[in-house]
Structure formats: structure tokens, C-alpha cells
Amino acid sequence: MITKQILKTRVSKVVLILTFCFLSNTCFAEETAVSNNVVELTKQIMDAKEIDSCFPKLEELKNIYIKEGKYSEFVDFLKSLIAKKDAIAPYANYYIALSRFEHIVALEEKQDWNEYFSKVEEYRKDIIDYAQKAIDATTPQNSVNILSRLILWEFHRQQQDAFVEQSLADLMNSVLEFGKDTTDTKTLKEVADKLLAADEKNKSRQVYKIYVEKISASQVKEKELKDIAFGFFNEGNLELSEAVYDSYVERITKSMSKTQLKNSLLELAKLFSYKDSGNNDPIYAESIFKKAEDAFGKNFFNQETMYLRAFNLEKAKEFEGAKNVYIEFLNRFKDDVNFDKAAFKVGIIYAYVLKDIEKSKEYFENLAKKEKVSPQAISSLYQLGLLSQWGEDLDKAKEYYNNLLEKAGDDFAETVNLAKERLSEIEQGKPMENNQKVFLDAALNKNNPALDMKRLGLKVSPSEAKPGQSVSIKSAAYTPESGCMQVEIQYVWAGDLAGAKPANNSSSLDIAYPGAGTKVVCLVETSPSGVIDYNIDFADIY
């Protein structure tokens, strides 16, 4: 009699055997399908009367072989095709060069140094020889000619050899000729993408321009054009996305009703407006806001969109433009919840960007006089005291600081602490705290126009946060050259730092602001020879 355990064991063995058979048959079936596909594609190539029709079939074959890592097998296969059908040679030669190039890259990624060092010179020679054969057998009107030149340029660029510039010039001359009559937008985009990835922005822009002209001149509908542009946006290819969106906007400006056009422009501006993360381009967003203003006037903007436009310019560090839009916002929407925030930012921009202290004081004074005490009103009193203290009007500075303490009461602890520090300095006859003084000297001194906030980046992220939420503050510093000597750079932090005292070698910091308000972060970059530049950014805590 068979026990339950023996029966269970026998069932398990049967399951294992059946599973093995199933997997074996599945793998065999897959291999058979791949083999049949290769045979069918090869037959189509051999039977083809139009050689150009072989190109997509060769691409399919390449994908089959390369997916399995069979680079050399594909090269041997292509050579056998050429022997049977010489007319296919330009296309096959291109794919030989491409396979060798991708094989070298794969070996480097896998760090397969045995094959790499034993074969790399042979593979490099094949890249040059077979790409050149494809070029010599075709003209710039043929996509194979362009793609072969692209391979050569990528190869020489990877090698960093003496042929990089010439191969790039040859590629550009050919692709510009190719672009005159071609309908092959796929090749144009591939070249432009590779140029952009290599940081050849001007040249990629030239090719993208041709690409966009081609798809715009085609019968593609507005919706399809928009979808293409949005697809590039999602890919992170903002340059190409913007070029296609420009063509889309040009079309809808002529075809849409006013209401539809307003909604479409607003949607597009919001898409590109500043975000702490993800794809965005605030400068392009502003160009769309400007188009909307030109078409519909300032009444196009409601409270939300006007504040968004100003905020977008602020985060793009286009401070003067931001100031102008914030002022327009203040004039039109006096009861808006963002009024104090916008007024305070205008005062800061006038003071520390435009160096117009008197104009900045107007905005700070108006906020300080408001009956309802807001974080920005308290911060305005602190700024008034700070500007007076820097200008050595100590009695006026004390008056502002004391007024701040009286109005703040038990609230606004961060700003109260700063005011108490400044008051202590005045009462004890001490100089202003060094970092704050260094920043004010850099930002307010009109005698040094070289300090223009263009050589030092500063980003607060997230730009809007809740109390207690961590805020990351990072600089993008300009590093001066000094022969082979490394220049010692220092970072002088000031402003609203919630009590943090970062070291002078810290190029970034994290702060969790305990209280609400519009925080101003200030940074000065210095070297032994003096101040290099300064910058500011805002953190809106709500």
C-alpha cells in the first residue's frame, strides 16, 4: 500500500519532469520562431527588387542578433549577404560598422577585458573601414550615408582622436544637404538626439529645426503635432519639444477660437512653468505667457496665473521681470492671499538685486504699517532695520528692531531672534555679524557692477514647504582657474537660516524652518582675491 508521503514524493517528481519538458519545449519553440524569423527576413531581402526596402528588414535582423549579444555572428551573417547580393553592400556595411561599435560599448560595460583587448583593434578597424565603404557607395541624399557618418563621428569622439572635428564637420555638411529634400524625419531626429547628448547644442538645434520643419510641413494634424511635442517633453528632450510646440502654437493661433487659444496657451505655459523636480523650462513658459499677453492683453491673467507668471520668473532668476509682474499683481489684486508675499519679494528684489534701497523701503514700510500682522510684515521691519544698520543709521535701526519685537509678541521666533542679535550688536557697539555684513556689502555696493548674480547659482528646493519640512539649499558655484593651483573657495551664508551656522566650506545645507513666512537665503562666494559673486533665493513656508 502506497503511503501518503510516497505518493506526494512521486507527484512532485512528475511535476518536475513535466515542468522541465514544458520549459524545454518553450525554449525550443522560441528558438525555432527566431530562426524562422531570420530565414523569412533573409528571403525578403534576397527577393527585394527595391534595395531601399531592405533597410528596415536589416534593422529587424540587427535587433534579433543584438538582443542575444551575437554581434560577431551578425557581422558574419551580413558578410554572407553581401557575397550573395552585392547590391545590399552599402546597407550591410553600415550595420557591420554599427555592430562593431555597439559590441565595443557592450564589452566595456560588461568589463569583458579578455575579448576587449584581444579584439578591440580589429573591431575599431572594421568600424572605420565599413562605415567608409557605406559612405563611398552612397550620397548625402541617402540615410545610410548620414548614419554611417554619425557612427564615424561617435567613434572618433569616443576615441578622442585627431579626427573628431573633421568627422563632425562632415556629418553636419551631409545632414544639412540630406535635410533639403528628405522625408526621413527618423534619421534627422536620431542625428539631432546624438548631437544633443554629446552637448553639441547649436548643431543639434540646427538639425532639430529641419526636423520640425519637415513634420510641420507634412499633413500631420494639430492634435498629432501636440502629441508629438508632449511625447518629447515626457522624454526630457525639452529643446525638441519646444521647437514642435512653437510650430503647434503658430498653427493654433490661426485656427482656434479666442477661448480655445487662451486655454491652450495657458495649458502650455503651466506645463513648462517652474517645478522643483521633473521637466520644466521657466524661460520657455515665460515666452508663452508673453505670447498670451500680446494676443489678449493683461486681462488674460487672473490672480492665479499672474502670480504663477511672476513666481516662474523669480525661480528662473529673471528677477527684474518677476518684480514687474509682482507689481502688476499687487496693483490688480489687493485682497489676494499672496499679496504680502508678493510685496515682500518686490522689496527684496529692489534692495538686493537692483540695489535701489529707497524703493525697497517703500514696500517694506507699507507692509510694516498694515494692521494685520503677517510673517512678511515682521520680516519687512527686520529688513528696514538691517538696511538702516548697514547704512550706519543706528538710531533708526533700533527703532525698527524694537517695533518688530513689539508687534511680534510671542510669535515669529526666527525673525525675533535675528532682530535681537542685531540690537545686541548696536547696544554693545559691535560690528554687524560677519556673514551678514559680507552679503550686504556685496549686494548693496553700487561701485562693483561685476557682482551681477550670474556667476553663482543658488536653488532652494522645495521652493514651497510646510513648517518642519526639510528644505535643501544648494549652490552652483563658479570656480576660477589659477593655472594648476586649486583656488580655495569659501561660501558665506546669510539671511534666514533658522539659526543654522554652516561652515564656510559648505556649498549646500538642509534646513527645516519651524515657522511660516517668506525666507530669504543669501550666499556670497569668495576666494583669496575677494568676492566672486552673490545670489539670493526664496523659501515660501506656509
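Anyway, here's the lowdown on the structure attached to this text. (Residues numbered from 1 in each chain as written. Predicted model: local features only at pLDDT ≥ 70, side-chain atom pairs only at ≥ 80, totals over all residues. Heavy atoms only, no water.)

1. Side note on the pattern of salt bridges
Pairing between side chains of opposite charge can happen when their charged atoms approach one another.
Right, so step 1: Per the counting criterion, the structure on display carries 32 salt bridges.
Right, so step 2: The salt bridge involving Lys-119 is made with Glu-122; its shortest N-O contact spans 3.6 Å. Residue Lys-119 and its partner Glu-122 are located together in helix 5 (residues 113-136), separated by three residues, close to a single helical turn.
Right, so step 3: On the accessibility criterion, Glu-122 (37% relative accessible area) is partly exposed. (Salt bridge = Lys/Arg side-chain N within 4 Å of Asp/Glu carboxyl O. Helix = DSSP H or I, 4+ residues; strand = E, 2+ residues; numbered from the N terminus. Buried < 20%, exposed > 50% of the residue type's maximum accessible area, 1.4 Å probe, protein only.)

2. A closer look at the environment of Asn-173
Right, so step 1: Inspection of the secondary structure puts Asn-173 in helix 7 (residues 164-178).
Right, so step 2: Asn-173 sits 33 residues away from Pro-140 along the chain, and the two C-alpha atoms are 8.8 Å apart.

3. What about the side chain of Arg-422?
Right, so step 1: For Arg-422, the location among the structural elements is in helix 20 (residues 413-427).
Right, so step 2: Within the local environment of Arg-422, its side chain forms a polar contact with the side chain of Glu-421, the two groups lying 3.5 Å apart.
Right, so step 3: Leave out the neighbours within four places in its chain, and Arg-422 touches Tyr-382, Leu-386, Gln-389, Tyr-401, Met-432 and Glu-433. (Polar contact = N/O pair within 3.5 Å; in protein donor to acceptor, adjacent residues only side chain to side chain. Contact = heavy atoms within 4.5 Å.)

4. As for the pairing of strand 1 (residues 456-461)
Right, so step 1: Along strand 1, the buried face is formed by Leu-456, Leu-458 and Val-460; none of Gly-457, Lys-459 and Ser-461, which line the opposite face, is buried.
Right, so step 2: Looking at chain direction, strand 1 and strand 3 (residues 470-477) are connected through six bridges and run antiparallel. Bridge pairing links Val-460 to Ile-473 in strand 3. (Pairing = 2+ DSSP bridges.)

5. Notes on the sheet that holds strand 6 (residues 517-527)
Right, so step 1: If you trace the four strands from one edge of the open sheet to the other, you get 2-7-6-4, paired in mixed fashion. Both outer strands of the open sheet, strand 2 (464-465) and strand 4 (490-495), are each paired with one neighbouring strand and no more.
Right, so step 2: The pairing of strand 6 with strand 7 (residues 530-541) spans eleven bridges and is antiparallel. Residue Thr-526 lies in a different strand from strand 7, and its bridge partner there is Val-531.

6. Let's talk about the sheet that holds strand 5 (residues 508-512)
The strands making up a sheet are joined through hydrogen bonds of the backbone, oriented either antiparallel or parallel.
Right, so step 1: Strand order in the open sheet formed by three strands is 1-3-5, and the pairing between neighbours is antiparallel. Among the strands making up the open sheet, the edge pair consists of strand 1 and strand 5. Taking each pair of neighbouring strands and ignoring which way they run, the sheet shows an average axis angle of 15 degrees. (Axes fitted to C-alpha atoms, helices over the stretch in contact; angles between N-to-C directions.)

7. Observations regarding the packing of aromatic side chains
Aromatic rings in a pair are described by how distant their centres are and how their planes are angled relative to each other.
Right, so step 1: For the structure shown, the criterion picks out 29 aromatic pairs.
Right, so step 2: Their ring planes at 15 degrees and their centres at 6.4 Å tell us that Phe-74 and Phe-77 sit as a pair that is stacked. Separated by three residues within a single helix, Phe-74 and Phe-77 lie in helix 3 (residues 71-84), roughly one turn from each other. Judged on exposure class, the residue Phe-74 and its partner Phe-77 are both buried.
Right, so step 3: Pairing Phe-272 with Tyr-284 gives two aromatic rings, centres 4.7 Å apart and planes at 65 degrees, and the pair type is edge-to-face. Pair noted here: Phe-272 is in helix 12 (residues 258-272) and Tyr-284 is in helix 13 (residues 282-296), with a separation of twelve residues, a long-range link.
Right, so step 4: By way of ring pairs, the aromatic residues Phe-55, Tyr-65, Phe-74, Phe-77, Tyr-91, Tyr-94 and Tyr-95 are connected into one cluster.
Right, so step 5: One cation-aromatic arrangement involves Lys-133 over Tyr-130; the distance from NZ or CZ to the ring centre is 4.5 Å. (Phe/Tyr/Trp six-rings, centres within 6.5 Å; stacked < 30°, edge-to-face > 60°. Lys NZ or Arg CZ within 6 Å of the ring centre and 35° of its normal.)

8. Brief notes about the nonpolar core
Right, so step 1: Judged by nonpolar contacts, the single largest core of 151 residues is most densely connected at Leu-58, Leu-78, Tyr-94, Phe-272, Tyr-352, Phe-439 and Ile-536.
Right, so step 2: By residue number, the principal contributor to this core is helix 4 (residues 89-110), which donates eleven residues.
Right, so step 3: Once residues within four sequence positions are removed from consideration, Ile-536 is found in contact with Lys-317, Phe-319, Ile-348, Val-353, Phe-439, Met-453, Leu-458, Val-521 and Cys-522.
Right, so step 4: If you look at the next biggest cluster of nonpolar residues, it comprises 19 residues, including Leu-458, Leu-497, Leu-509 and Leu-523. (Core = buried A, V, L, I, M, F, W, Y, C linked by side-chain atoms within 4.5 Å.)

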